[in-house]
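Remarks on the overall topology
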Protein chains: 4
Amino acid sequence: MDSLPLSSTREYRIAKDGIDSLELHETPLNALKRNEVLVKIYSVALNYRDLIIVNGNYPAVVKDNVVPCSDMAGQVVAVSPSVTRWKIGDRVTSSFFLDHIYGELNANSFETALGGPIDGVLTQYRAFPEHALVAIPDKLTYHEVASLPCAGVSAYNALYGAVPLKPGDSVLVQGTGGVSLLALQIAASAGASVIITSSSDAKLEIARGLGAMHTINYRTTPDWDKEVLKLTNGTGVDYVIEVGGEATLGKSLASIRVGGYIPMVGYLAGLDRPSDFGNLVVKVISKAANLRGIPGGHRGHLENLIKLISVTGMKPYIVRVFKFDEAKLAFSYLAKQEHVGKVVIQVADD
Amino acid sequence: MDSLPLSSTREYRIAKDGIDSLELHETPLNALKRNEVLVKIYSVALNYRDLIIVNGNYPAVVKDNVVPCSDMAGQVVAVSPSVTRWKIGDRVTSSFFLDHIYGELNANSFETALGGPIDGVLTQYRAFPEHALVAIPDKLTYHEVASLPCAGVSAYNALYGAVPLKPGDSVLVQGTGGVSLLALQIAASAGASVIITSSSDAKLEIARGLGAMHTINYRTTPDWDKEVLKLTNGTGVDYVIEVGGEATLGKSLASIRVGGYIPMVGYLAGLDRPSDFGNLVVKVISKAANLRGIPGGHRGHLENLIKLISVTGMKPYIVRVFKFDEAKLAFSYLAKQEHVGKVVIQVADD
Amino acid sequence: MDSLPLSSTREYRIAKDGIDSLELHETPLNALKRNEVLVKIYSVALNYRDLIIVNGNYPAVVKDNVVPCSDMAGQVVAVSPSVTRWKIGDRVTSSFFLDHIYGELNANSFETALGGPIDGVLTQYRAFPEHALVAIPDKLTYHEVASLPCAGVSAYNALYGAVPLKPGDSVLVQGTGGVSLLALQIAASAGASVIITSSSDAKLEIARGLGAMHTINYRTTPDWDKEVLKLTNGTGVDYVIEVGGEATLGKSLASIRVGGYIPMVGYLAGLDRPSDFGNLVVKVISKAANLRGIPGGHRGHLENLIKLISVTGMKPYIVRVFKFDEAKLAFSYLAKQEHVGKVVIQVADD
Amino acid sequence: MDSLPLSSTREYRIAKDGIDSLELHETPLNALKRNEVLVKIYSVALNYRDLIIVNGNYPAVVKDNVVPCSDMAGQVVAVSPSVTRWKIGDRVTSSFFLDHIYGELNANSFETALGGPIDGVLTQYRAFPEHALVAIPDKLTYHEVASLPCAGVSAYNALYGAVPLKPGDSVLVQGTGGVSLLALQIAASAGASVIITSSSDAKLEIARGLGAMHTINYRTTPDWDKEVLKLTNGTGVDYVIEVGGEATLGKSLASIRVGGYIPMVGYLAGLDRPSDFGNLVVKVISKAANLRGIPGGHRGHLENLIKLISVTGMKPYIVRVFKFDEAKLAFSYLAKQEHVGKVVIQVADD
């Protein structure tokens with residue numbers, strides 16, 4: 001690869017904290033390094049993580065003036081000569097951690113999370129190492145696949161990364177955020193029964209349409225853990241996809257069966273919220289509970305999730321598509337948290 | 001339990017080899033032993049195993065004058081006083097191996113297979129140890145649940161007993177016999193893609209209706225392994241449910257991906273058929289294949305399968321129902337092997 | 001079994017809270033129930049759990065006037081006629097949860113923990129259901145085997161109950177209590193490297209003799225988590241056997257490698273101690289940590305542990321043997337927490 | 001990396017079939033490619049596979065005039081500028097399949113086996129992709145580590161690659177070849193009990209010294225499967241490391257417990273030997289056996305094995321060291337099959 005088909009890309013960078021600080025830059029493209037592939041990005045999907053990074057509230061390292069966002073789908077437009085897995089024209093998405101290919105995460109791979117410690121994907125063109133990319137099947141759209149690398153892979157890892165979900169198992173998902181909704185859809189398409197909570201009957205109605213078997217409005221039923229026990233004949237569910245954090249973990253422990261699983265994916269209820277548990281250790285032991293931190297997942301999870309979607313026909317639920325120039329609007333829309341489903345930015349026209 | 005609600009049962013026994021040797025006896029019922037439960041049987045489903053036992057061709061120990069059949073569904077009509085898990089009126093089915101509750105099979109549990117080394121279930125009433133029974137959910141019928149303990153549990157164990165099937169995986173099932181059809185339905189309801197083979201386009205049409213994604217007529221396509229590779233872009237399938245035996249194992253090894261799984265459940269092609277493999281050891285090693293003998297499964301598998309069916313709504317496919325007095329007809333129908341689906345005997349009216 | 005070889009047993013019961021409230025009673029023996037076995041108890045080993053039960057500080061249900069202690073070894077002296085697994089003269093120990101035979105714990109099995117919700121083993125004779133007993137190999141003594149059902153099985157479950165320890169892995173054990181010491185010995189005999197902490201150099205010296213590769217005195221090195229990182233080249237250990245509770249969990253999270261395992265077995269640092277972690281959820285997620293509550297283990301764990309000891313020659317470390325009449329002394333000795341190793345009570349002479 | 005520290009290497013190549021056809025060539029070194037590392041090789045260990053490749057009997061693809069041998073240990077003498085994991089002076093060994101890093105083998109990785117489809121390591125210098133190398137701890141020698149990549153990793157994969165060996169388990173190893181002896185040592189150092197067979201009491205004596213608990217001379221005890229059952233109280237062993245092939249698989253199936261494991265690693269008894277089993281399928285099913293083809297293992301296995309050796313102090317057993325110029329002698333010595341232990345070639349002086 002001696003010359004690139006273009007010399008620069010337009011990309012968003014975070015100037016300082018806040019959505020208004022997002023700035024569009026014209027940045028020159030470097031020559032491709034060994035094993036790199038240049039991708040023209042068509043679709044970028046937003047996650048709650050992107051919002052707290054833009055707002056300066058992320059409890060981990062973020063690069064200065066980072067290009068935000070981790071989830072994209074696009075097409076290969078140039079390849080370094082040493083590249084063997086890809087050719088121009090291939091449709092691809094990328095792993096959330098560029099270097100987390102398989103097995104257990106390690107400290108080095110942690111530092112390759114797109115849109116945090118390294119630049120992300122809210123840009124027209126970006127070079128990726130060839131090992132970070134995953135092929136998109138013909139029948140899936142860019143928007144659908146862009147919905148997967150962060151939230152979808154976290155949901156997949158939560159359900160299949162350790163003791164895998166079996167058809168017939170029961171799953172509780174908290175709220176209708178990105179991870180929760182994709183966990184609902186994955187679990188339902190794999191033959192599990194899903195209970196979902198939300199503060200809004202309208203959102204619960206959407207969730208029911210996406211496969212939820214039971215719904216709980218936690219505004220009218222604040223003791224949702226008791227309702228979960230009632231729905232499971234007093235036994236508790238097999239899995240709780242925990243996204244609330246300190247403020248919900250106690251009720252999650254009350255909601256699982258003895259020996260159940262609590263993959264911990266987020267802390268959407270906020271970091272400053274008091275914990276709702278008494279002595280956590282006693283509860284974990286007496287419930288023989290399994291808690292597992294899920295900071296994302298690896299390329300294998302993404303490949304398996306795409307296979308799952310191809311076979312089952314599950315459709316990631318996209319609520320709204322913004323144009324590339326409307327990125328600030330998209331973030332503001334996300335910040336209101338009134339929507340259900342993925343918010344995506346169409347970077348280029350198909 | 002001092003007195004039983006009835007004093008005898010009518011039951012079939014095998015006099016000597018052959019369907020015509022099936023005889024109906026009136027047999028006195030013994031007092032219940034500790035931990036026993038008396039079950040009124042409503043439905044019995046037949047398996048190919050029952051046929052070769054009746055015909056005297058079973059390559060394992062069979063009790064003299066055995067009551068045939070392993071799969072039933074019925075209702076508790078009496079319980080020994082020490083029984084805690086069941087009460088009169090409960091709807092139940094039973095584990096294929098009475099004493100194989102969980103974990104790995106052992107030599108002792110092997111000797112508790114219904115309708116082989118011990119008397120089976122083709123009878124109006126039978127006492128079972130309480131630990132061998134499993135509850136039937138309201139929404140499932142006796143016929144549906146009677147279809148599961150032998151063939152269904154073998155299929156479930158084949159798919160979930162070791163490295164569990166994931167949604168998105170690919171499965172090849174051979175033919176449309178009991179295990180194959182239930183493996184197809186289980187895999188499809190769990191989000192996997194299924195390829196099925198048969199010598200009959202009519203049977204393949206039925207299989208397609210039950211969820212098969214691809215079908216192969218092995219009469220017109222004798223090199224079905226090559227067709228499987230074609231359908232999987234040259235990679236091979238993740239699982240082959242092997243039911244043919246020596247005559248098909250070689251093609252099964254050719255059909256899996258490197259590192260794939262071959263649960264071995266049967267030898268329907270006959271024990272006298274020549275093997276179709278050259279040096280098996282070289283093939284297993286060079287394919288990094290996983291072969292696993294499946295002589296049935298345990299109570300936990302049956303419980304999980306019933307949970308799966310309750311949640312997914314999968315319906316065991318019943319092709320024909322015979323009356324209790326038509327048992328010989330039922331076996332003859334099975335022997336013709338022209339049908340697809342479970343053949344059941346209605347022992348009592350609902 | 002119509003008549004027992006004796007009519008009563010002498011047993012300790014807790015009158016009210018405190019060691020001094022332990023009272024010796026002469027209690028009549030009931031006729032054996034179906035499937036029961038009468039065991040003459042030779043050895044009882046004490047656990048920290050027994051002490052907090054005697055002192056009335058146990059955070060779970062305890063029967064009134066309970067016979068304390070869960071861990072014994074003895075000999076079968078009578079069997080109910082229906083018993084098939086045991087005969088008079090067999091040397092046996094018992095599962096901590098009488099009804100937890102295998103697989104995942106459930107709420108019912110939880111209620112069968114010896115010396116808590118039901119009467120325990122600090123008695124001369126006790127009837128057990130046959131399924132709760134495990135055979136003792138010839139070469140192991142009563143005292144050695146009595147050391148295993150609670151602490152040993154918890155340690156075994158912590159290391160092998162989920163993702164099993166591999167030879168070459170690294171394990172951190174906290175302190176020299178019963179579970180910690182047995183975890184050290186099990187891990188060392190299985191080819192793992194062990195780091196152990198204690199406030200006493202003398203205790204660490206004993207631990208080194210039992211196989212510890214590295215020792216940390218947490219009095220002189222209060223930041224033991226940093227020392228653990230130093231000893232593992234900054235990576236962290238594969239497993240931390242967590243027995244401190246809220247007061248140590250934060251440092252345990254800091255001590256493991258990314259993706260490491262923290263089986264949570266106890267809260268020896270006390271329930272009223274402030275937690276040493278900030279936002280637990282953030283730490284668990286960013287470390288991709290695996291936390292698992294260990295309320296004991298099942299009969300299969302006990303059988304496997306006894307097999308391990310038979311093959312490896314590992315010797316449970318017994319520090320002091322008291323006579324049956326010295327039970328209060330034994331509890332007082334345990335309460336001082338100055339010892340290292342198991343404290344056992346010789347109930348009968350060999 | 002613009003210039004290499006040297007311009008050529010002396011290496012053996014197979015001219016045609018037979019040990020005598022081995023020829024020493026002076027071959028120019030190419031400039032390092034991206035991500036490549038140049039290694040000065042100090043030690044090469046031989047495997048039975050190398051012998052049948054040299055003799056032209058390998059039942060898989062071999063490159064024309066291939067440089068034989070897969071197992072080496074050496075030191076980094078040059079690195080391509082893009083290399084991040086290695087620096088000059090590092091002591092390294094290499095994965096048997098250069099591209100099989102983790103997880104399941106695939107067809108592409110299969111084609112990267114050293115000394116077969118691609119050139120091997122019987123050379124003074126060789127370039128490796130950086131991802132194929134593994135670090136050698138200070139306390140291990142080049143000869144010890146060179147003994148591991150093919151035979152040691154196969155043994156490790158056989159014992160830990162699927163359902164992992166537990167301390168206390170029983171293992172049968174067949175003969176005293178490279179894989180068998182390393183399997184014996186790994187299992188013994190991990191707390192398992194090992195039974196070993198051989199036709200020579202002298203070899204069995206050596207095996208006993210390396211940790212075997214029981215030995216069987218199959219010349220004087222041809223029904224070694226019956227002897228295995230006797231040694232395990234009629235139960236059978238948990239694992240048989242199957243290296244004989246068709247001629248021993250039947251007895252291996254007879255030797256395992258119900259539900260046991262038979263990793264299949266080789267066919268040392270020859271490919272033309274008749275099988276010793278009747279109907280394999282019936283035996284596998286009725287034993288609920290688990291057979292798994294082991295064509296080697298991945299880099300993770302090699303890393304774990306080196307960790308195991310570092311912690312346990314297990315010493316690969318080296319029987320004879322030849323000089324680089326004595327390579328033909330070394331192969332002839334191996335061909336006689338009278339030795340026990342690894343045969344290594346010292347390519348350079350330490």
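Residues numbered from 1 in each chain as written. Chains lettered and ligands numbered in written order. Predicted model: local features only at pLDDT ≥ 70, side-chain atom pairs only at ≥ 80, totals over all residues. Heavy atoms only, no water.

This part covers the relation of the copies chain C and chain B. Expressed as a screw operation, the relation of chain C to chain B combines 0.0 Å of axial shift with a rotation of 180 degrees, fitting to an RMSD of 0.0 Å. Both chain copies can therefore be described as sitting about a two-fold axis. Of the interface residues in chain C, 86% have counterparts in chain B that sit at the interface too, so the contact is made through matching surfaces. (Least-squares fit on C-alpha atoms with pLDDT ≥ 70 in both. Contact = heavy atoms within 4.5 Å.)

As a further point, take the interface of chain C and chain B. At the interface, seven residues of chain C touch six residues of chain B. Summed over both partners, the interface of chain C with chain B buries about 590 Å², with 54% contributed by carbon and sulfur atoms. Ranking the residues of chain C by area buried against chain B places Arg-34, Asn-35 and Tyr-102 of chain C at the top, with a combined share of 77%. Inspection of the region where chain C meets chain B yields zero residue pairs in polar contact (both at pLDDT 80 or more). (Buried area = accessible area lost by both parts, 1.4 Å probe. Polar contact = N/O pair within 3.5 Å; in protein donor to acceptor, adjacent residues only side chain to side chain.)

This part is about helix α10 (residues 299-312) of chain D. All names here are of chain D. Across its 14 residues, α10 extends 20 Å between first and last C-alpha, which sits within 8% of the 20 Å expected from 1.5 Å per residue. Buried within α10 are the following residues: Arg-299, Gly-300, His-301, Leu-302, Leu-305, Ile-306, Leu-308, Ile-309 and Ser-310. Just downstream of α10 lies Gly-313, where phi reads positive at about 80 degrees. (Helix = DSSP H or I, 4+ residues; strand = E, 2+ residues; numbered from the N terminus. Expected span 1.5 Å × (residues − 1). Buried < 20%, exposed > 50% of the residue type's maximum accessible area, 1.4 Å probe, protein only.)

This next bit is on the relation of the copies chain A and chain C. When chain A is fitted to chain C, the residual RMSD is 0.0 Å, and the transformation amounts to a turn of 180 degrees plus an axial shift of 0.0 Å. When the interface residues of chain A are mapped onto chain C, 100% of them again lie at the interface, so the same face is used by both copies.

Time to look at empty space enclosed by the protein. Taking a probe equal in size to a water molecule and rolling it over the atoms shows the remaining empty space. All names here are of chain A. Tallied over the entire structure, the rule returns one cavity of 30 Å³ or more. Of the pockets and cavities examined, the largest cavity occupies roughly 40 Å³. In this structure, the largest cavity is lined by Gly-178, Leu-181, Leu-182, Gln-185, Pro-316, Tyr-317, Gly-341 and Lys-342. If you tally residues by element for the lining of the largest cavity, the top one is helix α5 (residues 178-189), at four residues. Here the lining of the largest cavity is composed, by residue class, of four nonpolar, three polar and one charged. (1 Å grid on protein atoms, 1.4 Å probe; cavity = no way out; pocket = protein on both sides within 12 Å on 5 of 7 lines; lining within 4 Å. Points joined across faces, edges and corners; volume = space filled by probe spheres on them. Nonpolar A, V, L, I, M, F, W, Y, C, P; charged D, E, K, R; others polar.)

Here chain A averages 94 in pLDDT, while 99% of its residues score no lower than 70. Under the prediction, the complex receives an ipTM of 0.94, its pTM being 0.95. (pLDDT = per-residue confidence, 0-100.)

What follows concerns the packing of aromatic side chains. Enumeration according to the criterion identifies 30 aromatic pairs over all chains in this entry. On the numbers, 4.7 Å between centres and 0 degrees between planes, the contact of Tyr-42 of chain D with Tyr-142 of chain D is stacked. Note that Tyr-42 of chain D is positioned in strand β3 (residues 36-45) and Tyr-142 of chain D in helix α3 (residues 142-146), a separation of 100 residues in sequence. Across the pair, Tyr-142 of chain D and Tyr-42 of chain D agree in class, each one buried. The rings of Phe-96, Phe-97 and Phe-110 of chain A are connected pair by pair, giving a single aromatic cluster. Here the basic side chain of Arg-91 of chain B rests over the ring of Tyr-142 of chain B, its NZ or CZ set 4.7 Å away from the ring centre. (Phe/Tyr/Trp six-rings, centres within 6.5 Å; stacked < 30°, edge-to-face > 60°. Lys NZ or Arg CZ within 6 Å of the ring centre and 35° of its normal.)

Let us now look at the sheet that holds strand β11 (residues 237-241) of chain B. A sheet is described by the order of its strands in space; here twelve strands give the open sequence β10(B)-β9(B)-β8(B)-β11(B)-β12(B)-β13(B)-β13(D)-β12(D)-β11(D)-β8(D)-β9(D)-β10(D), paired in mixed fashion. Looking at the sheet topology across the chains shown, the edges are occupied by β10 (214-217) of chain B together with β10 (214-217) of chain D. Strand-to-strand, the axes of this sheet are offset by a mean angle of 15 degrees, without reference to chain direction. In the sheet, strand β12 (residues 256-264) of chain B pairs with strand β13 (residues 290-293) of chain B via four bridges, with the strands oriented parallel. Within β13 of chain B, the position partnered with Met-264 of chain B by the bridge is Gly-293 of chain B. Strand contacts of helix α7 (residues 224-231) of chain B: β8 (170-174), β9 (193-198), β10 and β11 of chain B, with the helix running at about 160 degrees to β10 of chain B, the strand carrying the most contacts. (Pairing = 2+ DSSP bridges. Axes fitted to C-alpha atoms, helices over the stretch in contact; angles between N-to-C directions.)

Below, the discussion takes up the pattern of salt bridges. A full pass over the atoms with the stated rule returns 60 salt bridges over all chains. A salt bridge links Asp-50 of chain A to Arg-49 of chain A; its shortest N-O distance comes to 4.0 Å. For Asp-50 of chain A, a relative accessible area of 1% puts it in the buried group. A relative accessible area of 10% means that Arg-49 of chain A is categorised as buried. The salt bridge partner of Asp-238 of chain C is Lys-307 of chain D, with a shortest N-O separation of 3.7 Å. Of this pair, Asp-238 of chain C sits in strand β11 (residues 237-241) while Lys-307 of chain D sits in helix α10, which puts the two residues in different chains. (Salt bridge = Lys/Arg side-chain N within 4 Å of Asp/Glu carboxyl O.)

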